[in-house]
Amino acid sequence: QPSAYGYIGRRSDGLFGEPSLYFQWSVGVMYGYVGQYQSKVPLNVNGFSPGALVSLGWKANRDWSFTVHALGDAGLMFQIAYDFH
């Protein structure tokens, strides 16, 4: 089913004094938990509910980074990213 997450956030590089490690957070509004899934997230109104993510990441080099996002108590999301220059 369609879903979306509109958010604002911040990334802080240099976690624990290590330039390649970073921490990031975001807060925003989720959409998509409707019908039989509407009770799966708190404060859901017509499919819209608040959301938040915290993440830890490692920038391997100028182009590649790897991030783990905590999805509340629902699980983890792993991200591999390549920056096109």
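What you see is a predicted model, and the numbers here were worked out from it, not measured in a lab. (Residues numbered from 1 in each chain as written. Predicted model: local features only at pLDDT ≥ 70, side-chain atom pairs only at ≥ 80, totals over all residues. Heavy atoms only, no water.)

Draft legend 1. Examining the packing of aromatic side chains more closely. A complete count under the given rule lists five aromatic pairs for this structure. Judged by centre distance (4.8 Å) and plane angle (45°), the rings of Tyr31 and Phe48 are tilted. Residue Tyr31 is located in strand 2 (residues 21–31), and its partner Phe48 is located in strand 3 (residues 48–59); the two are separated by 17 residues in the primary sequence. Judged by its relative accessible area of 31%, Tyr31 is partly exposed. Geometrically, the ring pair formed by Tyr82 and Phe84 is edge-to-face, given 5.0 Å between the ring centres and 80° between the ring planes. The class of Tyr82 is partly exposed, set by a relative accessible area of 37%. For Phe84, a relative accessible area of 74% puts it in the exposed group. (Phe/Tyr/Trp six-rings, centres within 6.5 Å; stacked < 30°, edge-to-face > 60°. Helix = DSSP H or I, 4+ residues; strand = E, 2+ residues; numbered from the N terminus. Buried < 20%, exposed > 50% of the residue type's maximum accessible area, 1.4 Å probe, protein only.)

Draft legend 2. Representation of the layout of surface pockets in the model. Its boundaries defined by the atoms lining it, the largest pocket holds a volume of some 510 Å³. Around the largest pocket, the lining comprises 20 residues; the ones closest to its centre are Met30, Tyr33, Val41, Leu71 and Ala74. Of all the secondary-structure elements, those providing two or more residues to the lining of the largest pocket are strand 1 (4–13), strand 2 and strand 3. At four residues, strand 3 tops the list of elements feeding residues into the lining of the largest pocket. (1 Å grid on protein atoms, 1.4 Å probe; cavity = no way out; pocket = protein on both sides within 12 Å on 5 of 7 lines; lining within 4 Å. Points joined across faces, edges and corners; volume = space filled by probe spheres on them.)

Draft legend 3. How the structure looks around the pattern of salt bridges. One pass over the structure, following the stated rule, counts two salt bridges. Note that Asp13 is salt-bridged to Arg11, the shortest N-O span being 3.0 Å. Classification of Arg11 by relative accessible area gives partly exposed; the value is 39%. For Asp83, the salt bridge goes to Lys59, with nearest N and O atoms at 3.2 Å. Of this pair, Asp83 sits in the segment after strand 5 (76–82) while Lys59 sits in strand 3, placing them 24 residues apart in sequence. Taking relative accessible area as the criterion, Asp83 reaches 32% and is therefore assigned partly exposed. (Salt bridge = Lys/Arg side-chain N within 4 Å of Asp/Glu carboxyl O.)

Draft legend 4. Representation of the pairing of strand 2. Pairing analysis gives ten bridges linking strand 1 to strand 2, with the strands arranged antiparallel. Bridged to Gly6 within strand 2 is Val29. The pairing of strand 2 with strand 3 spans eleven bridges and is antiparallel. Considered in strand 3, the bridge of Tyr22 is made with Gly57. (Pairing = 2+ DSSP bridges.)

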